[in-house]
Amino acid sequence: AAKGAGRDRIHLFSPGLRDAARWRLEVANRLRDGAVDQFVVHYQPVVRVDTGEVDGVEALLRWQHPDRGLLSPDAFLSVAEETGQLIPITRWLLGETTRQAAQWAADGLPLRMSVNISARHFSAETLVRDVRVALHDSGLPAEWLVLELTETSVAEDPTRAEDQLSVLRNSGVRVAIDDFGTGWSSLAQLLALPIGTLKIDRSLLTAAARLAAGGSGPVLAAIVSLARTLGIRSVAEGVETAEHLQMVRDAGCDLAQGYLLGRPMPAGEVPRWASRVRA
Ligand code: C2E
Ligand code: CA
Ligand code: CA
Ligand code: CA
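The shown structure was predicted, so the numbers you read here are calculated from the model rather than taken from an experiment. (Residues numbered from 1 in each chain as written. Chains lettered and ligands numbered in written order. Predicted model: local features only at pLDDT ≥ 70, side-chain atom pairs only at ≥ 80, totals over all residues. Heavy atoms only, no water.)

### Re the overall build of the protein
Going by this rule: Secondary structure elements are defined from DSSP: runs of H or I of at least 4 residues count as helices, runs of E of at least 2 residues count as strands, and each element is numbered from the N terminus. In this description the radius of gyration comes from C-alpha coordinates, and the expected globular size is given by 2.2 Å times residues to the power 0.38. Categorising residues by exposure relies on relative accessible area from a 1.4 Å probe, with only protein chains included: less than 20% of the type maximum marks a residue as buried, more than 50% marks it as exposed, and the intermediate range marks it as partly exposed. Any two residues whose heavy atoms approach within 4.5 Å at even a single point are treated as in contact. Surface exposure here means Shrake-Rupley accessible area, sampled with a 1.4 Å probe, where a residue is shielded only by the protein chains that are shown. Residues scored as positive are Lys and Arg, those scored as negative are Asp and Glu, and His as well as the terminal groups of each chain are ignored. Charge placement uses NZ in Lys and CZ in Arg. For Asp and Glu, CG and CD serve respectively.
Helix and strand counts for the protein stand at twelve helices and ten strands. Here the C-alpha radius of gyration of the protein, 19 Å, is about what a compact globule of 279 residues would show, namely 19 Å. Referenced to the eigenvectors of the C-alpha coordinate spread, the extents of the protein come out at roughly 50 × 40 × 40 Å. Counting all 279 residues of the protein, 48% fall into the buried class. Residue pairs in contact within the protein that sit at least 24 positions apart in sequence constitute 68% of those at least 6 positions apart. For the protein, the exposed surface amounts to about 13,300 Å²; the carbon and sulfur share of it is 52%. Counting 30 positive and 34 negative side-chain charges, the protein places the centres of these two groups 4 Å from one another.

### Quick look at the pattern of salt bridges
The condition that has to hold: Definition used for salt bridges: Asp or Glu carboxyl oxygen within 4 Å of a side-chain nitrogen of Lys or Arg.
One pass over the full model with this rule turns up 13 salt bridges. For Arg48, the salt bridge identified is with Asp55, shortest N-O distance 3.5 Å. One salt bridge connects Glu96 with Arg99, and the closest N-O pair in it is separated by 3.2 Å. Here the residue Glu96 and the residue Arg99 both occupy positions in helix 3 (residues 86-106), the gap between them amounting to three residues, near one helical turn. Ionic contacts of the salt-bridge type, sharing partners, join the residues Arg48, Glu53, Asp55, Arg112 and Arg233 into one network.

By themselves, these figures tell us nothing about what the structure is for.
Right under this line is the structure:
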């Protein structure tokens, strides 16, 4: 089975319960045996709501499995995180994505590059160094790199998170809170952190769409406007329909991301995609 009809064909490999343990073991073994070579990055456009122009891309990890095809993160990410392999994979990913962004910029296509960082990596000592090394080696200016941290990984230990975020901010990179609306953290507390962007989870958008008749668009608008007051940009995730896009526009979101606007795609397709949108 494939997810989606577009460019980002991913095998939805969903093992039954009995096979799940075997699959986890296989993933762990393969990762240990250096499957890092088999990872690829796809890029999903992040688009400005007012102009429709592309603002940046989010790097999304895929595993080109020799037998099973292109696998989505659901199939391997939790195992990689548990075995500690996700940190070296992300180190590779930071190198790859900053190099790619620097290349695009040199080709006249400056795009902000967003990279997802796991909770474990966020609380590890190596993150700041890993980021510095990638920026130094690629020559990408720090402000073009955005690190996406989930609401939950920041909320776990707010005091420590705040320190780590300040160190990152001082190094010049931007930080985004990802999947906002999936946890129970206080918006006010999150927005008090040194962050540049709030990514509003798809579930909030679909809930708002369902309730639109009852007038829940104001909830989205209130979040966006509170963020803006604090100088924080909002990104609406999971924009799949024209109705979603209208809602996001009405709420005043700065940026949007979703299948309607652009699917995740291999690096080679990004320049053509961007020029088609600009044309
Ligand atoms: P995420 O960070 O929230 O990334 C967005 C996910 O939503 C992606 O799934 C993307 O393909 C999907 N998506 C984008 N637009 C739409 C839409 O309009 N509708 C729907 N239904 N989905 C949409 P993907 O690539 O399968 O990644 C899933 C999750 O895996 C990501 O969620 C992120 O949490 C994690 N992930 C992916 N790459 C990495 C990585 O390099 N490192 C880490 N730590 N996590 C990653
Ligand atoms: Ca993300
Ligand atoms: Ca997200
Ligand atoms: Ca998500």
